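What follows is the residue order along each chain.
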2 protein chains.
Amino acid sequence: MRRPITPSAHGTIGTPAPMMRGLSRTCGRGGVTLDDTQEARSMTIEKVTMAEVAAKAGVSRSAVSRYFTPGASVSKKTAEKVRLAAEALGFRPNILARSLITGQSRIIGLVIAYLENYFYPEVLEKLSKALQERGYHVLVFMSSQGSETVDDVIQEILDYQVAGLVTASVSLSSELSTRCAALGVPVVLFNRAQDGKGVTCVTSDNADGGRQVARLFTAAGHRRIAYVAGWEQASTQRDREAGFLQGLAEAGQTLFARAVGNYEAAAAKAAARQLFAGKSEAERPDAVFVANDHMAFVVMDVLRFELGLKVPGDVSVVGFDDVPPAAWPAYDLTTVRQDAETMVARTVERLLAQIETPAEASSEPIRMPAPLVLRGSARIPEGWSPPEPEPPQEI
Amino acid sequence: MRRPITPSAHGTIGTPAPMMRGLSRTCGRGGVTLDDTQEARSMTIEKVTMAEVAAKAGVSRSAVSRYFTPGASVSKKTAEKVRLAAEALGFRPNILARSLITGQSRIIGLVIAYLENYFYPEVLEKLSKALQERGYHVLVFMSSQGSETVDDVIQEILDYQVAGLVTASVSLSSELSTRCAALGVPVVLFNRAQDGKGVTCVTSDNADGGRQVARLFTAAGHRRIAYVAGWEQASTQRDREAGFLQGLAEAGQTLFARAVGNYEAAAAKAAARQLFAGKSEAERPDAVFVANDHMAFVVMDVLRFELGLKVPGDVSVVGFDDVPPAAWPAYDLTTVRQDAETMVARTVERLLAQIETPAEASSEPIRMPAPLVLRGSARIPEGWSPPEPEPPQEI
DNA sequence: GAGATTTTTGCAAGCGAGTGCAATTTTGAA
DNA sequence: TTCAAAATTGCACTCGCTTGCAAAAATCTC
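Residues numbered from 1 in each chain as written. Chains lettered and ligands numbered in written order. Predicted model: local features only at pLDDT ≥ 70, side-chain atom pairs only at ≥ 80, totals over all residues. Heavy atoms only, no water.

This brings us to the interface of chain A and chain B. Taken together, the contact between chain A and chain B spans 77 residues of the former and 75 residues of the latter. Of the roughly 7,200 Å² buried between chain A and chain B, counting both surfaces, carbon and sulfur atoms make up 62%. Per-residue buried area on chain A facing chain B is highest for Arg92, Leu96 and Tyr160 of chain A; these three make up 10% of the total on that side. On inspection of chain A and its partner chain B, the count reaches 2 salt bridges. In this structure, the salt-bridge partner of Asp159 of chain B is Arg92 of chain A, at a minimum N-O distance of 2.8 Å. Between chain A and chain B we count 20 residue pairs in polar contact (both at pLDDT 80 or more) in total. (Contact = heavy atoms within 4.5 Å. Buried area = accessible area lost by both parts, 1.4 Å probe. Salt bridge = Lys/Arg side-chain N within 4 Å of Asp/Glu carboxyl O. Polar contact = N/O pair within 3.5 Å; in protein donor to acceptor, adjacent residues only side chain to side chain.)

Attention shifts here to a nonpolar patch on the surface. A cluster of nonpolar side chains, Leu100 of chain A together with Leu100 and Ile101 of chain B, forms an exposed patch at the surface whose accessible area comes to about 280 Å². Tracing the backbone through its elements, the reader meets Ile101 of chain B in helix α6 (residues 95-102). Classification of Ile101 of chain B by relative accessible area gives exposed; the value is 73%. (Patch = residues over 30% accessible without salt bridge, like charges linked within 9 Å, V, L, I, M, F, W, Y side chains within 5 Å. Areas by Shrake-Rupley, 256 points an atom, 1.4 Å probe, with all protein chains shown as cover. Helix = DSSP H or I, 4+ residues; strand = E, 2+ residues; numbered from the N terminus. Buried < 20%, exposed > 50% of the residue type's maximum accessible area, 1.4 Å probe, protein only.)

All names here are of chain A. Within strand β6 (residues 225-229), 5 of the 5 residues are buried, leaving the element largely enclosed by the surrounding structure. Both faces of β6 are covered, namely the face carrying Ile225, Tyr227 and Ala229 and the face carrying Ala226 and Val228. Two elements, β6 and strand β8 (residues 287-290), share 4 bridges in a ladder whose sense is parallel. Bridge pairing in β8 links Ile225 to Ala287. In the sheet, β6 pairs with strand β7 (residues 257-260) via 4 bridges, with the strands oriented parallel. By the bridge assignment for β7, Ala229 is matched with Val260. In terms of handedness, the path from β6 via helix α11 (residues 235-250) over to β7 forms a crossover that is right-handed. (Pairing = 2+ DSSP bridges. Right-handed = clockwise from strand over helix to strand, strands pointing away.)

Close contacts around DNA strand C come from 25 residues, with Met50 and Arg98 of chain A together with Arg66, Thr78 and Ile101 of chain B the closest. Within 4 Å of the protein, the contacting atoms of DNA strand C are drawn from sugar and phosphate to the extent of 54%. Note that a phosphate oxygen of DNA strand C is positioned 2.6 Å from one of the backbone N or O atoms of Met50 of chain A. The separation between a phosphate oxygen of DNA strand C and a polar side-chain atom of Arg98 of chain A is 2.5 Å. If you list the elements that add at least two residues to the surface near DNA strand C, you get α4 (61-67) and α6 (95-102) of chain A together with α4 (61-67) and α6 of chain B. For the surface near DNA strand C, the per-class residue count stands at 11 nonpolar, 9 polar and 5 charged. (Near = heavy atom within 4 Å. Nonpolar A, V, L, I, M, F, W, Y, C, P; charged D, E, K, R; others polar.)

In terms of nonpolar packing, the biggest core is built from 211 residues, with Val288 and Val317 of chain A together with Val317 of chain B touching the most fellow members. Not counting chain neighbours up to four residues away, the residues in contact with Val288 of chain A comprise Phe217, Ala226, Tyr227, Val228, Leu275, Phe276, Val299, Val315, Ser316, Val317 and Val318 of chain A. (Core = buried A, V, L, I, M, F, W, Y, C linked by side-chain atoms within 4.5 Å.)

The next thing to look at is the UniProt feature "domain: HTH lacI-type" (unreviewed entry) in chain A. Cross-referencing UniProt, the feature "domain: HTH lacI-type" (unreviewed entry) maps to residues 48-102 of chain A in the present numbering. This span, residues 48-102 of chain A, is 67% helix and 0% strand, and a straight line between its end C-alpha atoms measures 21 Å. (UniProt positions renumbered as here; feature names shortened; annotations may be inferred.)

It is at 9 Å that the axes of α6 of chain A and α6 of chain B come closest, and there the two elements cross at 140°. Taken together, the axes of α6 of chain A and α6 of chain B are oblique relative to one another. Classified by chirality, the crossing of α6 of chain B by α6 of chain A is left-handed. Of the residues in α6 of chain B, those touching α6 of chain A at Leu96, Ala97, Ser99 and Leu100 of chain A are Leu96, Ala97, Ser99 and Leu100 of chain B. Each residue belonging to the contact of α6 of chain A with α6 of chain B can be placed in one class, and the counts come to 6 nonpolar, 2 polar and no charged. (Axes fitted to C-alpha atoms, helices over the stretch in contact; angles between N-to-C directions. Parallel < 35°, antiparallel > 145°, perpendicular 65-115°, else oblique. Left-handed = near helix turned anticlockwise from the far one by under 90°.)

Right, let's get into the relation of the copies chain A and chain B. Turning chain A through 180° and shifting it by 0.0 Å along the axis lays it on chain B, with an RMSD of 0.1 Å. Read as a symmetry element, the transformation amounts to a two-fold axis. When you check the interface residues of chain A against chain B, 84% turn up at the interface there too, and the contact is symmetric in its surfaces. (Least-squares fit on C-alpha atoms with pLDDT ≥ 70 in both.)

Before going further, it helps to spend a moment on the protein's contact with DNA strand D. Residues in contact with DNA strand D amount to 27 residues; listed here are only the nearest, Ser75 and Thr78 of chain A together with Met50, Ser65 and Arg98 of chain B. When atoms of DNA strand D within 4 Å of the protein are split into backbone and base, the sugar-phosphate part holds 55%. One of the side-chain nitrogen or oxygen atoms of Ser73 of chain A is found 3.5 Å away from a phosphate oxygen of DNA strand D. Take Asn94 of chain B: an N or O atom from its main chain is 3.0 Å from a phosphate oxygen of DNA strand D.

Residue and element names in this part refer to chain A. Partitioning chain A into domains gives domain 1 (50-93), domain 2 (105-204 + 341-368) and domain 3 (206-338). Just the C-alpha atoms count here: the centres of domain 2 and domain 3 sit 29 Å apart. Every contact between the two is made by 13 residues of domain 2 and, on the other side, 15 residues of domain 3. Across the domain 2/domain 3 interface, buried area totals approximately 1,200 Å², and carbon plus sulfur atoms make up 52% of it. (Domains from an automatic or database assignment.)

Structure, rendered in structure tokens:
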């Protein structure tokens, strides 16, 4: 049973706060020992609430609340009074309090595994900007793909009552995705494909990308074609490889050699050595498709600087992602583009649709084209258009 | 005037929820036409609250709350009852509600300007991990250094009742820093120096770094030494340049040429051309200090691939930051190291000290050593230790 | 084992803001 | 001008959780 609380009109609200607001600093006793730190310390923390604004404006709390709520009904007169009072007091609504009642923050959780692969900083930056524009913000969680960790981390995220969840290059246990669904939190898997009710996957057409690389290699006359694989559990790895193999098969070839780089620099280095070190020309590949750019750079470095091979003279190298350094002249890496900009745009679009109008939102996977970007690290077959001088776009 | 935007779908939130809580899912009519999407859609969002746990455990809400509050007093018996009930119901406390009361979330706001400079992804990753370990999380805000934007963005951050604020390579208007102080929100400026009450600055010793580069160049016998400046308003730019000039002066030299790269790739490219293009050997610099690695790569690219100059044969190039690509053999860039790991560690340390024990926390600036990393892009003076083969650390 | 402590526990009052409902005011139409 | 319809306003309850306080239970002391 709850007793009605009668607000005493002239209420002393908290205890002493209101009266000392703003005029509290230790009234300048030019004390010798009162250093800056001390002063800062004794400053009252001022928090302005709606109640105070309402009082100052001479309206009810509801009016103030409505003023700050877009679609709500407030008269011009009231609005103006509130605006003035709020401005004078420097009031800003407490998002947490609002979220408590609406049951939803405007926070999007982002789980991301690593930022060493420069595809992800790009994604993060664009995602954050795009969401910011729509009034949402990104809460970041780093988590490597130990599945236990991921689940824990996602639990933590959910504790923040996030409005949505994006996982970049990290997949979700089906238990967790069920849980998110039950909580009404839409999930987008970015750059990972995965079955699962409700979650939306945004990927590029990895298989097709792989296939195109195979076509490039075979058309260029390569006969000893190798592959450096990414992390075997990743859908991107599987799809890229599958497409690549299929492309080779279409040209009547099979893989000459394979090593696993795990999407990691160290492992990629080892993989490159395994494929190339101490081998005669006939024993080593004459072309290698590396499952992402991040590893491709390492492979190129080993080839050129450790083994003294020419790229593409002795070996053609192709990567995947088209991260910015791929365009740097020192690498000039032929690669398959994943357009971060567009992938992010679609991600945001879908996520917000699911948040704001769940009833009519789709959860079909989104797959983007993955065009081959011809540059100088792979031999170009006769008749193919040569690498255009890169439009005068800035590096 | 900027009003917060509330999700349009006000309607359904507060109405029927409570009564249908938990027992609602469409009692499995295995209907043929009920596809996954439909089912997911009609699922009620289940939220478990403390009250429910309390009821199930046969204790009061307070008991449950205390069970989830570290230092609180709960008997073993009660704790066990609560644990069981909570587990059975899958209960997790709502962080937002907690924050509303404690007046402080465990969220740290991070304002960051750009991720193209690969120093920052490193910082972000490490910062996020370090904070995660201590139970805090990072809310990211991208903001370029238009001062208006920055202030707006920081306002938004404050709306989230963040426990602390880190700005990376972005400076703060003094009005805003005052405001943060008044709100009791500690602020750390990462990689920016700035006077100002209360805010802590974490930087490396930029001036000393610059000075060391000057010593390297002069000791190596360079006579036409140039500088590519960063964004002129940045304290890092000013300090690096000042130290560099002072180092030159100590060796009785002055700057041969200067151009501004603004810390941007495009501008750096233009700067490089301005300094080198179409000039005879005597007219162009024989050494150039570039204010950060991000620009140094671009400068090297222009020198080597556009102008056909040898590095360090014709020109020595030195950068600042020691981002990962600096160690890539294709650049092998001599540079000044800013140790992201340690800088972040100190940042976190200080920030948490200020949050958790404001009374005894210092706000002295933190300055870290900035050692020169000798690699292959700059001529090495006789007698200096040559670039060690990089310890067998992974790329 | 009684009294004095010390621990646990539950009650109820908030934290700051959103919102259904009913009362009030404004606007519109006749 | 008058009355109905529309727009605005305020009240009070609510969101999920923390916490001061006092009552109740457990523990200690001699």
